[in-house]
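# Summary of structural features
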Amino acid sequence: MMTIYGLSRSISKRLPGKFDVMEKIDPYRRIPIMVAYTWGLISMGLFGLWPIVEGRENLEALRDDNG
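What this report covers is the structure whose coordinates are included nearby. (Residues numbered from 1 in each chain as written. Predicted model: local features only at pLDDT ≥ 70, side-chain atom pairs only at ≥ 80, totals over all residues. Heavy atoms only, no water.)

The next thing to look at is helix α3 (residues 30-47). Since one α-helical turn is 3.6 residues long, residues separated by three or four positions face the same way. For α3, built from 18 residues, the straight-helix expectation of 26 Å at 1.5 Å per residue is met to within 8% by its first-to-last C-alpha distance of 26 Å. Among all positions in α3, only Pro-32, Val-35 and Ser-43 are buried. Buried residues of α3, viewed axially, fall in a sector of 65 degrees; they line one side. The outward face of α3, more than 90 degrees from its buried face, is lined by the exposed residues Arg-30, Ile-33 and Tyr-37. In this structure, the buried residues of α3 make contact with α1 (2-14). Following α3 by one or two positions, Gly-48 adopts a phi angle in the positive range, close to 65 degrees. (Helix = DSSP H or I, 4+ residues; strand = E, 2+ residues; numbered from the N terminus. Expected span 1.5 Å × (residues − 1). Buried < 20%, exposed > 50% of the residue type's maximum accessible area, 1.4 Å probe, protein only. Arc of directions from axis to C-beta. Contact = heavy atoms within 4.5 Å.)

Okay, here's the thing in structure tokens:
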């Protein structure tokens, strides 16, 4: 999917005139960012890589001391 997206951006830039369709549809490249984020979440869920916070009581004690 990302390859198709990259190809469509490069083809769109090479078209004559101001016909850069992909620049109008996705000027900030949010589509690949969203796909990468979603892929990361799915991978973390499938392989059990969710972070585990240890020593949370120590963090709460530090927060209480500082303010």
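Picking up where we left off.
So, on to α1. Compared with the 18 Å implied by 1.5 Å per residue over 13 residues, the 19 Å span of α1 between its first and last C-alpha is a close match. Where α1 is buried, its residues meet α2 (21-25) and α3.

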